[in-house]
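# Notes for the structure review
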Amino acid sequence: MAVLAPLHADAAAQKQALALQSGHSTILAVANVSYVAIGDPSIVAVVPVGTKDLVVNAKAPGRTSLTVWSHGARRTWEITVSAQSLNDLAAAIRTTLAEPDVDVQDLGGVLVARGTVEDTTRFVRVSDILARFQPALGDKRQIVNAVTVRHPFGGLQAQLDAIAGPGSVRVDADAKGNVIVSGRAHTRVIEEALLARVRGLAGPYLGADGKVIDRLAVDDTTEVDVKCYVLEIDDTGLSNLGVQLQSGTPDPNNPSNIALGAPSFPLIEGAAASAIGKAFTLGAFFRTTRLVPTINLLMQSGHAKLLSAPNLVTTPGNDATFLVGGQIPYVFSTGQGAVSVLFKDYGVKLDVTPTILGTGGIDTKIAPEVSDLDYSNSVTFAGYTIPAIKTSKLSTDIVTQPGESIVMGGLLRHVEQKTVQKIPGLSSIPILGKLFQSTNYQKNDSDVVFVMTPEIVVK
């Protein structure tokens, strides 16, 4: 509302009073404006419209002056801006928000926005609009945002309900930017599937240092049983094992029968090929899920020896270890002529760490190790002979389905034996004693092969 004082005859000295509420505006009719001066631009703003009108916008409570030059004359307005009524401001905010479930009310001089919005995107929009209206209240009053989000994670909750069942699992966010998954899952496989889905879709809802926190309870106890066979196979057995593993596969109609692969080159390996062409039959290469009966044949023929056949049972994510061998004492100095003994493992060692995936597969970290005592490189310390240890080890990570076998080789064992035969007494004669003794050297190379089959056990 504007109140204009009557004009005097001398327009150059004329002063008029103008009163407005913050957030309101009025139009002044002034033709041919050449210059405009505002005392405090933070209180009012002036916008020319065409050549005959000025729009005066009240921005904040206070008093200021407006001077306009037109036709060589000067006109001055003393403008007073009062605080806008909170009820009027609340109505303006409600209209701007356009959210049917959000209401804005004046509660004791404080504007409070209450209600719910559908998702996070709408909540951000509401917060932005409320922040834009805050300057209209000044520094002594504020707008409180008490709006909540009905579905803060969009369609993520619906996807989790489809995996674990409606109401079994819920997702929440804390003040630190973390996403918390809580509830119950029937099996460990379902739990991993839920966590994998949350990790894949919760990115937009995580803070800068936020992470997915697992607070799920599992109804059934889940363990992983890793059946292991540790074999020592010589060179002959290794060559046979490699050929059979390449060409053997279970019959899909009868898994107990093992069928050979199709010919790689049918033109020279087919039924019409000559006997010479048969020499090139290698069999197609493919991944087998079980071993053909070659291992049993190798053991019966003496080319393979079973070192151990343990069953390693552990919970997902934890290590399982076994050792076939022993411990060798190591003597070391502890200072001032004193010695101490430390025992070190040697032999065939295997460390496995299985993890269950959300797809039902098993991710297994495998670290086999084969070590032997080496007296040819031994050292003598404080009168003790300490042998060296020859070690072969490797580490890998592989994903299999329950029941599929993992075959790992390449851990070579090289054993050298020296046998001396001599006649007592005569072999000790200087120079001629060599005629009464003989030395026999024997070398043996073999490979330690690990065959592992992880299975999921639910209790």
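Described below are features of the structure shown in this document. (Residues numbered from 1 in each chain as written. Predicted model: local features only at pLDDT ≥ 70, side-chain atom pairs only at ≥ 80, totals over all residues. Heavy atoms only, no water.)

## With respect to the overall build of the protein
What counts here: Helix and strand definitions follow DSSP, with helices as H or I runs of at least four residues and strands as E runs of at least two, each counted in order from the N terminus. Residue exposure (1.4 Å probe, protein chains only): buried if accessible area is under 20% of the type maximum, exposed if over 50%, otherwise partly exposed. We call two residues in contact whenever any of their non-hydrogen atoms come within 4.5 Å of each other. To be clear on the numbers: accessible area is Shrake-Rupley with a 1.4 Å probe, and residue cover counts the displayed protein chains and nothing else.
When helices and strands are tallied, the protein shows seven helices and 25 strands. A total of 459 residues make up the protein; the buried ones form 31% of that total. Put simply, of all contacts in the protein between residues at least 6 apart along the chain, 61% involve residues at least 24 apart. About 26700 Å² of surface is accessible on the protein, with carbon and sulfur atoms providing 55% of the total.

## Some remarks on the environment of N57
Looking at where N57 falls in the secondary structure, it is placed in strand β5 (residues 53–58). Residue classification places N57 among the partly exposed residues on the basis of a relative accessible area of 26%. Spatially, the C-alpha atoms of N57 and H24 are 6.1 Å apart, while their sequence positions differ by 33 residues. Each residue touching N57, except ones within four places of it in the same chain, is listed here: H24, S25, I43, V44, A45 and V47.

## What to know about the pairing of strand β1 (residues 15–21)
For a regular strand, the rule is simple: side chains alternate between the two faces of the sheet. Note the threshold: Here, a strand pair is defined by DSSP locating no fewer than two bridges between the strands.
Residues Q16, L18 and L20 line the buried face of β1, whereas the alternating positions K15, A17, A19 and Q21 sit on a face that is not buried. In this structure, β1 lies alongside strand β7 (residues 73–82), joined through seven bridges in parallel fashion. By the bridge assignment, L18 is partnered in β7 with I79.

## Some words on the pattern of salt bridges
Going by this rule: Every case where a carboxyl oxygen of Asp or Glu lies within 4 Å of a side-chain nitrogen of Lys or Arg is listed as a salt bridge.
Inspection of every chain in the model, using the stated rule, returns 12 salt bridges. Notably, a salt bridge pairs R188 with E191, separated by 3.0 Å at the nearest N-O pair. With R188 and E191 both in helix α4 (residues 188–201) and three residues apart, the pair spans about one turn of that helix. Residue classification places R188 among the partly exposed residues on the basis of a relative accessible area of 23%. Here K227 makes a salt bridge to D225, at a shortest N to O gap of 3.2 Å. A network of salt bridges, in which partner residues are shared, links E99, R122 and R125.

## A short note on unusual backbone geometry
The residue N32 is not glycine, and still its phi comes out positive at about 55°. By the element assignment, N32 lies in the loop between β2 (25–29) and β3 (33–38). Looking at N32, the relative accessible area reads 44%, which means it is partly exposed. With a phi close to 55°, A98 is a non-glycine residue in the positive phi region. Inspection of the secondary structure puts A98 in the loop between α1 (86–97) and β8 (102–107).

## Topic: the sheet that holds strand β11 (residues 169–173)
Put simply, the rule reads: Here, axes are lines fitted to C-alpha atoms. For helices the fit covers the stretch in contact, and angles between N-to-C directions go from 0 to 180 degrees.
Here we have three strands laid out as an open sheet, ordered β11-β12-β13, and mixed in their pairing. Strand pairing shows two members of the sheet lacking a second neighbour, β11 and β13 (212–218), which therefore form its edges. Strand-to-strand, the axes of this sheet are offset by a mean angle of 10°, without reference to chain direction. Pairing geometry for strand β12 (residues 179–185) and β13, over seven bridges, is parallel. Of the residues in β13, the one forming a bridge with V179 is V212.

## With respect to the sheet that holds β8
Taking strand neighbours across the sheet as the criterion, the three strands line up as β8-β9-β10 in an open arrangement whose pairing is mixed. Of all strands in the sheet, those bounded by a partner on one side alone are β8 and β10 (143–149). Neighbour to neighbour, the strand axes of the sheet diverge by 15° on average, direction disregarded. Of the pairings in the sheet, the one linking β8 to strand β9 (residues 110–117) comprises six bridges and is antiparallel in character.

## What to know about the nonpolar core
What counts is decided by this rule: The definition of a nonpolar core used throughout is a set of buried Ala, Val, Leu, Ile, Met, Phe, Trp, Tyr and Cys residues joined through side-chain atoms within 4.5 Å.
Of all hydrophobic cores here, the largest spans 20 residues; its most connected members are V226, L312, L350, V352, I366, F450 and M452. If we ignore the near neighbours within four places in the chain, the residues touching I366 are L350, D351, V352, L394, S395, T396, I398, I406, M408 and M452. Within the second largest apolar cluster, 17 residues are counted, among which are L89, V104, A113 and V147.

## Focus: helix α2 (residues 120–133)
The criterion, for reference: Any helix carries an expected span of 1.5 Å times its number of residues minus one. To obtain the arc, one takes the directions from the helix axis to the C-beta atoms. As used in this structure description, the phrase polar contact means that two N or O atoms lie within 3.5 Å; if the pair is within protein, one of them must be able to donate a hydrogen and the other to accept it, and residues adjacent in sequence are counted only when both atoms belong to side chains.
Given a rise of 1.5 Å per residue, 14 residues ought to cover 20 Å, and the 20 Å separating the end C-alpha atoms of α2 matches this to within 8%. Buried residues of α2: V126, I129, L130 and F133, and no others. The arc that holds the buried residues of α2, viewed along the axis, is 100°, so those residues lie on one side. The exposed residues of α2 that point more than 90 degrees off its buried face are T121, V124 and R132. The inward-facing, buried residues of α2 abut α1, β9 and β10. Its side-chain oxygen placed 3.3 Å from the backbone nitrogen of T121, D119 serves as the N-cap of α2.

## Some thoughts on the packing of helix α3 (residues 156–164) against α4
The criterion, for reference: When an angle is under 35 degrees it counts as roughly parallel; over 145 it counts as roughly antiparallel; between 65 and 115 it counts as roughly perpendicular; any other value is oblique. Each crossing gets its handedness from the near helix: less than a right angle anticlockwise from the far helix is left-handed, clockwise is right-handed. For this scheme, ten residues count as nonpolar: Ala, Val, Leu, Ile, Met, Phe, Trp, Tyr, Cys and Pro. Four count as charged, namely Asp, Glu, Lys and Arg, and the remainder, Gly too, count as polar.
Contact geometry of α3 with α4 gives a least axis separation of 10 Å together with a crossing angle of 165°. Considering their axes alone, α3 and α4 lie roughly antiparallel with respect to each other. Judged by the sense of rotation from one axis to the other, the crossing of α3 with α4 is right-handed. Contacts between α3 and α4 involve L156, Q159, L160, I163 and A164 on the former and, on the latter, I190, A193, L194, R197, V198 and L201. The residue inventory of the contact of α3 with α4, partitioned by class, reads nine nonpolar, one polar and one charged.

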